Every structure is written in C-alpha cells, then in structure tokens.
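Working through the structure, step by step
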Amino acid sequence: MDQLRTLITVHEAGTALAAARRLGREQSSVQKQLDTMNRTFAALCGEELVLKQGRGRDALFTATGEALVELARRTLGEWSAGVHDARRRLGRTLSVGTTRYTLGFLLDAVEYVSADFDREGVDLKITHVRTADLFTKLRSQELDLVCGSVVVTEGEEAAQLAPYEVMEWRRSGLSLLTNLPPERLPTGPFPAGELPRLPLVVSTGGLIDRFLTAWYGTDYRQKLTVAAEIEAAHYGFELLRSGVVSGAMLVTRGLGEAASDGHLPEAEGLRTLEVVGDVGPRTEVLVGVFTRRGERGSYGPEHPLNRLWEALSWESERWWLRP
C-alpha cells in the first residue's frame, strides 16, 4: 500500500524529490521504493514503471507505469472506502452534515452524546453541506445523517423521500424581504402569482430556484423581473440594505421569521412579507433530519447513528415545547 501511494505521489509531483517533500520523507526512501517496483514489474511485465529523465526533469512513466498508477488510485480508493464502511458499521465513525441555518440545532443535540462519544472513541465529523447537495451526499454515503431543508412538491414528495428516513421539524413556504416602501409594496400576505410585477433578488440555485421552477417552469427568469441573482442570502441582504437594488428578495419562511424577530442582524431594516403560493402545485420547504432508509434499523440502539437520532428527537420535542 505504501509503495502504491509513493507511485501515485511521484506521478502527481513529477520527481522523487518533490514526492518526498509531499510525503515528509527522504528522497532516498522514495527512490528505493521506485527502484524496487521497477525491478518487480520489469520481471513481471517486461517493462519498468518509471524512467529517469536526468537531473531536474520530471520522471517519465511508461505505458505500464501509467496503467499501474490508475490501478493504484482505484485500489487505494476502494480500500479507504472499505475501511470507512467497516468503521461506520462498527460505530467507530459518524459523518454528519448540516446547512448553515440548522447547525445550531444539531450542536444542541450533540451536547447529549458528545461525552459518551469521546469516551468511546467515536469519531464524529460535522460538515457544512449546501442544500442542493444534501441528498447527493447521503446517496454517495459521504454522510450518514444530514440536518437541513428540501423542497417537496405535491405529487412528487412520496417518490422524492422514499429512499430516506425523515424526522420532520417543520414545513413552511417562502417570505419576501424588501426595502420597498409600504406605498409601493403594502404589508401583508403577498400572492406568488403577483411576483412578476416586483423587481426580485433570487438565488441562482437551491430552494428558491426549485420553488420558482415549480410555480413558473424552468424558464421562470423570462417571466419574472430579476433585478439581481445571488449565490448566498447574505449577499442579497447587503444589496437590499445598501439601496443599490430596490426590490424584494425571496427567502424561506424560517429566514423571514428570523429577520422579523430581530434574530438576523444582517437583514436589519428590511420588511418581511409572507408569500402565499397561489400558482402551480403546492410546494413547501421541509426542514428536518434525513438518513438512508433502513440503515438505522440495521444497527443496534447503541450505535452512534441511533443515539444521535434519539438526541435530535429530544431536541425537536424541546424546541416545539418552547413558548
């Protein structure tokens, strides 16, 4: 395995010296491994893997060498994945993802289990995940559990969520954050069917994009007045607060409520209006916890995944009981 890693590193770095620096080893150690592999494969295949090119020049990989580098990459990748699967199955590691606005909820739940996990040597990894990647990272087994939001549409929800076990926290729609004066945009519920008459700040992807696609189709940009496209909500808040853009920004209901309650300083001074979905199929934001369906049932109750799930359930009940 170490020889395969060395071979890959020399291929990427170009020379034995550069590879040694990356690996934190002596050049002589790297060169010795290359010489050993060259002798072995010269005997096995009739061709060495790496040819010296002279001082300061990158090593030349033969056709056999190039083939073995690709094989080494696959071998080490599969080996690492296998080790990770074994560690996950035995409860030695747990990979959790969270979106920015659900991180606090997760951290509150982690407090219930962190001391036990530390004592038992469970490697808990918490990763920031974008909403658009939430299910992708679950399917690829990069993450074991995620806290976040997804858009569910009437008629499609059952098929969309079938591969996952879901702990639902809340469902909601969208809100508008605006710097427009009340005489231009009166306070109160705003029909989604009236959005085309407003200058809008919209996200280029994620939840808002899926809402607008469900309501207006994939060509919604041609039907709406898009004053600015953004990738992050905070950029939109700054645009509106600066006055550079006059209009309204579509956000999830949760963000709208946080801004209205004063819990979102970056949106200070912006008014919040609830959006009423009166066009297209019924579409909602589902906020909750997601894991692969059937996986929790394959583990015992003491497995870290089940223990964290239980802690999140406690935190969910506590959240709903707050005044």
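Values in this document were obtained by computation on a predicted structure and should not be read as measured data. (Residues numbered from 1 in each chain as written. Predicted model: local features only at pLDDT ≥ 70, side-chain atom pairs only at ≥ 80, totals over all residues. Heavy atoms only, no water.)

Attention now moves to the overall build of the protein chain. Helices and strands together make up the secondary structure of the protein chain, namely twelve helices and 13 strands. The C-alpha radius of gyration of the protein chain comes to 27 Å, more than 25% above the 20 Å expected for a compact globule of 323 residues. Projected onto the principal axes, the alpha-carbon positions of the protein chain cover approximately 85 × 50 × 35 Å. By the burial criterion, 45% of the 323 residues in the protein chain qualify as buried. Considering only intrachain contacts with a sequence separation of at least 6, the fraction spanning at least 24 residues in the protein chain is 71%. Carbon and sulfur atoms make up 51% of the accessible area of the protein chain, which amounts to about 16800 Å² in all. Within the protein chain, the 44 negative side-chain charges are centred at a point lying 5 Å from the centre of the 38 positive side-chain charges. (Helix = DSSP H or I, 4+ residues; strand = E, 2+ residues; numbered from the N terminus. Rg over C-alpha atoms; globule rule 2.2 N^0.38 Å. Buried < 20%, exposed > 50% of the residue type's maximum accessible area, 1.4 Å probe, protein only. Contact = heavy atoms within 4.5 Å. Areas by Shrake-Rupley, 256 points an atom, 1.4 Å probe, with all protein chains shown as cover. Lys, Arg positive; Asp, Glu negative; His and termini not counted. Charge placed at Lys NZ, Arg CZ, Asp CG, Glu CD.)

Before going further, it helps to examine the sheet that holds strand β7 (residues 174-178). Strand order in this open sheet of six strands is β8-β12-β7-β11-β9-β10, and the pairing throughout is mixed. The open sheet has two free edges, formed respectively by β8 (190-191) and β10 (225-230), since each of these has just one partner strand. Bridge count for strand β9 (residues 199-203) against β10 is five bridges, and the pairing is parallel. Directly across from P199, in β10, lies its bridge partner T225. Sitting on the sheet, helix α11 (residues 253-260) is in contact with β7, β11 (248-252) and β12 (271-276), with an inclination near 110° to β11. (Pairing = 2+ DSSP bridges. Axes fitted to C-alpha atoms, helices over the stretch in contact; angles between N-to-C directions.)

This brings us to helix α8 (residues 206-216). Counting buried positions along α8 yields eight of eleven residues, so the element is predominantly enclosed. Where α8 is concerned, the buried positions are G206, L207, I208, D209, F211, L212, W215 and Y216. Once α8 ends, the next one or two residues include G217, with phi positive near 90°.

A sheet is described by the order of its strands in space; here five strands give the open sequence β4-β3-β5-β13-β6, paired in mixed fashion. A single partner strand is all that each edge strand has here, and the edge strands are β4 (123-128) and β6 (164-172). When strand polarity is set aside, the average angle formed by the axes of neighbouring strands in this sheet is 30°. Here nine bridges tie strand β5 (residues 145-153) to strand β13 (residues 283-292), and the two strands are oriented antiparallel to one another. When the sheet's bridge partners are listed, G148 is paired in β13 with G288.

Take the packing of aromatic side chains next. If you walk through the whole model with that rule in mind, you get five aromatic pairs. Aromatic pair Y112 and W314: ring centres 5.4 Å apart, planes at 85°, arrangement edge-to-face. Here Y112 is found in helix α5 (residues 103-120), whereas its partner W314 is found in helix α12 (residues 304-320), with 202 residues between them in sequence. On the accessibility criterion, W314 (41% relative accessible area) is partly exposed. (Phe/Tyr/Trp six-rings, centres within 6.5 Å; stacked < 30°, edge-to-face > 60°.)

Another aspect to go through is the pairing of β4. Two strands pair when backbone bridges link them, and strand β3 (residues 93-98) and β4 are joined in this way by six bridges, in the parallel orientation. What sits directly across from T98, in β4, is H128. The parallel pair β3 and β4 is bridged by α5, and the resulting crossover is right-handed. (Right-handed = clockwise from strand over helix to strand, strands pointing away.)

As for its placement among the helices and strands, S175 is situated in strand β7. On the basis of relative accessibility, which here comes to 2%, the residue S175 falls in the buried class. If near-sequence neighbours (up to four positions away) are discounted, S175 is found in contact with M249, L250, V251, T252, R253, G256, T272, L273, E274 and V275.

Helix α4 (residues 63-89) packs onto helix α1 (residues 2-13) with a crossing angle of 120° between their chain directions and a minimal axis gap of 9 Å. It follows from the interaxial angle that α1 and α4 lie oblique. In the crossing of α1 with α4, the sense of the turn from one axis to the other is left-handed. On the side of α1, the interface is formed by L4, R5, L7, I8, H11 and E12, while α4 contributes E66, L68, V69, A72, R73, T75 and L76. Of the residues belonging to the contact of α1 with α4, the class tally is seven nonpolar, two polar and four charged. (Parallel < 35°, antiparallel > 145°, perpendicular 65-115°, else oblique. Left-handed = near helix turned anticlockwise from the far one by under 90°. Nonpolar A, V, L, I, M, F, W, Y, C, P; charged D, E, K, R; others polar.)

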